[in-house]
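Now for the letters of each chain:
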There are 4 protein chains.
Amino acid sequence: MKANAMSDLAPPILAAEWLNTPEPLMLEGLRGRVVVIECFQMLCPGCVTHGLPQAQRIAQTFRSSDVVVLGLHCVFEHHAAMTPVSLRAFLHEYRIRFPVAVDMAGENGPLPQTMAAYALEGTPTLILIDREGRLRARHFGQVADLVLGAEIMVLIQESSVVG
Amino acid sequence: MKANAMSDLAPPILAAEWLNTPEPLMLEGLRGRVVVIECFQMLCPGCVTHGLPQAQRIAQTFRSSDVVVLGLHCVFEHHAAMTPVSLRAFLHEYRIRFPVAVDMAGENGPLPQTMAAYALEGTPTLILIDREGRLRARHFGQVADLVLGAEIMVLIQESSVVG
Amino acid sequence: MKANAMSDLAPPILAAEWLNTPEPLMLEGLRGRVVVIECFQMLCPGCVTHGLPQAQRIAQTFRSSDVVVLGLHCVFEHHAAMTPVSLRAFLHEYRIRFPVAVDMAGENGPLPQTMAAYALEGTPTLILIDREGRLRARHFGQVADLVLGAEIMVLIQESSVVG
Amino acid sequence: MKANAMSDLAPPILAAEWLNTPEPLMLEGLRGRVVVIECFQMLCPGCVTHGLPQAQRIAQTFRSSDVVVLGLHCVFEHHAAMTPVSLRAFLHEYRIRFPVAVDMAGENGPLPQTMAAYALEGTPTLILIDREGRLRARHFGQVADLVLGAEIMVLIQESSVVG
């Protein structure tokens, strides 16, 4: 990743399908709010144990007018095992209510397209996008709630020319 | 369940498929050993959090000459979401190494056949079968390790005319 | 507590003794930094399980030039059981390294003086003081790391005319 | 420890004081029952986190006619910090209800007398004594509930010529 890539606009979410939302979402439409994207695979133990519960806590802690939490189901292994029909049951059983995008399959190789555009190293990865739509953080693996609460608040407190 | 049903012979495992074992297993072939069956669904949070890790601890704690641990994937909801191909990836990702039977689909209704024969109330359920092949305990939900360790040891200590 | 008490200057820490620091600390001397005070009793289970580990995480997460973490041992029950000699061993065994003030015994009744001045309801209580020395939050019981990380960052980001 | 020391009679408990019991207990008086002794220090983090909660679970799981749970407060460091008055408050706050013996101070050095007689390596240590009064296990550090449940059941199932 380039030195100042983290202040570039976040790449768009390329979704084959959206769940838990009546209509597709676009990052442009969320300008003015901080966006948290939990990138996960439904059969990734670290996502189930750590990443997704943390995303649920974020959604419950911050005002939805300040912070939007999204899931990105970015399957890069066991593709046949983690289909949308399985994901739908998973979200129901784990009571995950925030909108989840199914990352668009890649055209060359196992990596789906949004995952590739964000240069993700694996799952879980938690992404932070600021009110202006810029990519500001990308945490692969575990990040502590204390750190994350602080990072999100920095972004909340930035004024937005958009919002 | 009848008053003395718990001392009857355990019903056979009716499996559509076996995973983690080179060939199908039959309870008759396990006579002389205590058998622990963890009945689960791969998308059941209580199974993932509690039941399956407990079954793994049992498999690591007792000698395999005394105790055999099996899984029974008894899907009674979200059937299309928990297919054998998904289960296979799940077992791989969660590092579950003991043999797992895929319960045979029921002919009338959502309950699979072994689940119906054991009159299970849901998942997770942990079943204990003694050295003689008799059904001795059936724990639905959470059971404490301390209780389970004691119960398994009672069965280990029973002499077997078979073994 | 009065309606706007939370923006008043935080009362001074009245300490009979300080541990983990070569010399006594005064809040005035910490102006320019955010101050976190973990109010605890060494035999309070919620303090041992939740409050003190959280204070340790705060000390490890934020820069000491931004955030100072202090303990306040405010014994209001079992006074003979929680003496400074016991506290010293406790801090050693639990590897608590931040400075700890022993709250000055009250002159009328069981409540020690700083605890009374801050109108604390019990232990654990976590107090936040801003860079200007004003009392900004007082959490009795458990507060989530995500919330606390966000609250501390708000205070960190406030500019200080003092610092 | 000698090769067959574990089948010797358990040494007597030399107590300076007993708490949580109207009168002192002697191992002889408990013959016929399995005795579990949780050896701890009130300021030992591993005892507070692991050992004592486990002893409480044992007391809640097994019938008191089969298993007696005792605590042994064997202070070998920070003696002035862990006096009986502090211990009493500790037991109250942590809701430990089983009888606790205060190990008799050693005459030469920091080790108290029962701790020395049992050749304990440190705290927490969990001791198992069979219905005949013989020392059967001595677990220093953490022992899993599953293992412990099984070990206790072995001792419960031994017939007793005494009981």
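Quick caveat, the model's predicted, so the values are computed rather than measured.

Draft legend 1. Expanded view of the packing of aromatic side chains. Applying the stated criterion across every chain yields a total of eight aromatic pairs over all chains. On the numbers, 6.3 Å between centres and 25° between planes, the contact of B:Phe40 with B:Phe90 is stacked. With a gap of 50 residues between them, B:Phe40 in strand 2 (residues 34-40) and B:Phe90 in helix 2 (residues 84-93) connect regions that are remote in the sequence. This pair shows no difference in class: B:Phe40 is buried, exactly as B:Phe90 is. Linked through ring pairs, A:Phe40, A:Phe90 and A:Tyr94 together constitute an aromatic cluster.

Draft legend 2. Layout of the interface of chain A and chain B. Every contact between the two is made by 16 residues of chain A and, on the other side, 16 residues of chain B. Of the roughly 1,300 Å² buried where chain A meets chain B, counting both sides, 66% is carbon and sulfur surface. Our count for the contact surface shared by chain A and chain B stands at zero salt bridges. Where chain A packs against chain B, one counts four residue pairs in polar contact (both at pLDDT 80 or more). Secondary-structure elements contributing two or more residues to the side of chain A that touches chain B are helix 1 (45-61) and helix 2 (84-93) of chain A.

Draft legend 3. Local environment of the packing of helix 1 (residues 45-61) of chain D against helix 4 (residues 145-157) of chain D. Residues and elements named next belong to chain D. Two numbers describe how helix 1 lies on helix 4: the axes approach to 12 Å, and their chain directions differ by 40°. Between helix 1 and helix 4, the interaxial angle falls into the category oblique. Both helix 1 and helix 4 take part in a crossing whose hand is right-handed. Here Gln-54, Arg-57 and Ile-58 of helix 1 come into contact with helix 4, specifically with Asp-145, Leu-148 and Ile-152. Across the contact of helix 1 with helix 4, the residue classes break down as three nonpolar, one polar and two charged.

Draft legend 4. Seen up close, the interface of chain C and chain D. Opposite the 16 residues of chain C that make contact, chain D presents 16 residues. Of the roughly 1,300 Å² buried at the junction of chain C and chain D (both faces included), carbon and sulfur atoms supply 66%. Of all residues in chain C, C:Leu43, C:Glu93 and C:Tyr94 give up the largest surface area on contact with chain D, accounting jointly for 39% of the area buried on that side. On the surface where chain C and chain D come into contact, there are zero salt bridges. Viewed at the interface, chain D and chain C are joined by four residue pairs in polar contact (both at pLDDT 80 or more). Those elements that place two or more of their residues in the side of chain C that touches chain D are helix 1 (45-61) and helix 2 (84-93) of chain C. Top element by residues in the side of chain C that touches chain D is helix 2 of chain C. It accounts for six residues. Class assignment of the residues belonging to the side of chain C that touches chain D gives a composition of 11 nonpolar, three polar and two charged.

Draft legend 5. Up close: the sheet that holds strand 6 (residues 135-140) of chain A. Residues and elements named next belong to chain A. Spatially, 1-4-3-2-5-6 is the arrangement adopted by the six strands of the open sheet, whose pairing is mixed. Each edge of the open sheet carries a strand with a single partner, namely strand 1 (15-19) and strand 6. Here the average twist between neighbouring strands, direction ignored, is 20°. Pairing of strand 5 (residues 125-129) with strand 6, which is carried by five bridges, proceeds in the antiparallel orientation. Looking at the pairing, Ile-127 lines up with Arg-138 of strand 6. Running over the sheet, helix 2 touches strand 1, strand 2 (34-40), strand 3 (67-73) and strand 4 (100-103) and is turned about 30° from strand 1.

Draft legend 6. Summary view of the packing of helix 4 (residues 145-157) of chain B against helix 4 of chain D. At a closest axis distance of 7 Å, the pairing of helix 4 of chain B and helix 4 of chain D adopts a crossing angle of 45°. The orientation of helix 4 of chain B relative to helix 4 of chain D falls into the category oblique. Considering only the axes of helix 4 of chain B and helix 4 of chain D, their crossing is right-handed. Taken together, the residues of helix 4 of chain D that come into contact with helix 4 of chain B (itself represented by B:Asp145, B:Leu146, B:Leu148, B:Gly149, B:Ala150, B:Met153, B:Val154 and B:Gln157) are D:Asp145, D:Leu146, D:Leu148, D:Gly149, D:Ala150, D:Met153, D:Val154 and D:Gln157.

Draft legend 7. Geometry of the environment of A:Pro53. Residue and element names in this part refer to chain A. Here Pro-53 is to be found in helix 1. The spacing of Pro-53 and Ile-13 is 40 residues in sequence and 22 Å in space, taken between C-alpha atoms. Residues in contact with Pro-53, not counting those within four places in the same chain, are Cys-47 and Val-48.

Draft legend 8. Focus on the relation of the copies chain A and chain B. When chain A is fitted onto chain B, the two copies agree to an RMSD of 0.0 Å after a turn of 180° and an axial shift of 0.0 Å. In symmetry terms, the pair is related by a two-fold rotation axis. Taken as a fraction of all interface residues of chain A, those also at the interface in chain B reach 100%, which identifies the copy contact as same-surface.

Draft legend 9. The nonpolar core, seen in detail. Residues A:Phe90, B:Phe90, C:Phe90 and D:Phe90 are the most contacted members of the largest nonpolar core, which totals 153 residues. The biggest single contributor to this core is helix 4 (residues 145-157) of chain A, with eight residues. When near neighbours in sequence (up to four residues on either side) are disregarded, B:Phe90 contacts A:Leu43, B:Phe40, B:Met42, B:Val48, B:Leu52 and B:Ile96.

Draft legend 10. Examining the state of the cysteines more closely. Throughout the structure, instances matching the rule amount to four disulfides over all chains. Disulfide partner of C:Cys44: C:Cys47, at an S-S distance of 2.4 Å. Handedness here is read from the sign of the S-S torsion; for C:Cys44 and C:Cys47, about 80°, the answer is right-handed. According to the relative accessible area criterion, C:Cys44 is buried, its value standing at 7%. Taking relative accessible area as the criterion, C:Cys47 reaches 0% and is therefore assigned buried. With no disulfide of its own, B:Cys74 lies closest to B:Cys39 among cysteine sulfurs, the gap being 4.9 Å. Take B:Cys74: its relative accessible area is 0%, and that puts it in the buried class.

Draft legend 11. Spotlight on the relation of the copies chain C and chain D. Between the two copies, chain C and chain D, the superposition gives an RMSD of 0.0 Å; the rotation angle is 180° and the shift along the axis is 0.0 Å. In this assembly, 100% of the residues forming the interface of chain C have copies in chain D that are likewise at the interface, indicating an isologous arrangement.

Draft legend 12. Main features of the environment of C:Arg33. Residue and element names in this part refer to chain C. One can find Arg-33 in the loop between strand 1 (15-19) and strand 2 (34-40). Sequence separation of Arg-33 and Gln-113 is 80 residues, and the distance between their C-alpha atoms is 24 Å. When neighbours within four sequence positions are excluded, Arg-33 is seen to be in contact with Ser-64, Ser-65, Asp-66, Val-68, Ile-129, Asp-130 and Arg-131. In this structure the side chain of Arg-33 is engaged in a polar contact, spanning 2.8 Å, whose partner is the backbone oxygen of Ser-64.

Conventions used here
- All chains use their own residue numbering, which begins from 1 and follows the written sequence.
- A letter from A marks each chain and a number from 1 marks each ligand, given out in the order of writing.
- Only residues with pLDDT of 70 or above have their local features reported here, since the model is predicted, and side-chain atom pairs are shown and tallied only from 80 upward, although totals for entire chains, interfaces and linings are computed over all residues.
- The basis for every side-chain value is the complete set of heavy atoms in the structure, and neither hydrogens nor water enter the calculation.
- Paired rings are identified among Phe, Tyr and Trp, the last through its six-membered ring, by centres lying within 6.5 Å, and are further divided according to the angle between planes into stacked (under 30 degrees), edge-to-face (over 60) and tilted (the rest).
- Strands here mean DSSP runs of E at least two residues long; helices mean DSSP runs of H or I at least four residues long; both are numbered from the N terminus.
- Each residue is placed in one exposure class: buried if its accessible area under a 1.4 Å probe, protein chains only, is under 20% of its type's maximum, exposed if it is over 50%, and partly exposed if it falls in between.
- Whether two residues are in contact is decided by their heavy atoms: any pair within 4.5 Å suffices.
- Accessible-area loss on putting two parts together, using a 1.4 Å probe and summing over both, is the definition of buried area adopted here.
- Take a side-chain nitrogen of Lys or Arg and a carboxyl oxygen of Asp or Glu: if they are within 4 Å of each other, that pair is a salt bridge.
- N or O atoms within 3.5 Å of each other form a polar contact, as long as, within protein, one can give a hydrogen and the other can take it, and as long as residues adjacent in sequence are counted only when both atoms are side-chain atoms.
- Axis lines are fitted through C-alpha atoms, for helices just across the contact stretch, and the angle between N-to-C directions can take any value from 0 to 180 degrees.
- Orientation is classified from the angle alone, with under 35 degrees giving roughly parallel, over 145 giving roughly antiparallel, 65 to 115 giving roughly perpendicular, and any other angle giving oblique.
- By definition, any crossing whose near helix is turned counterclockwise from its far helix by less than a right angle is left-handed, and any crossing with a clockwise turn is right-handed.
- Side-chain classes are defined by residue name, with Ala, Val, Leu, Ile, Met, Phe, Trp, Tyr, Cys and Pro counting as nonpolar, Asp, Glu, Lys and Arg as charged, and the others, Gly among them, as polar.
- When DSSP finds two or more bridges between a pair of strands, those strands are recorded as paired.
- Fitting of the copies onto one another was done by least squares over C-alpha atoms, counting residues only where both copies have pLDDT of at least 70.
- Think of a nonpolar core as a cluster: buried Ala, Val, Leu, Ile, Met, Phe, Trp, Tyr and Cys residues, connected wherever their side-chain atoms sit within 4.5 Å.
- Counting rule for disulfides: a pair of cysteine sulfur atoms within 2.5 Å.

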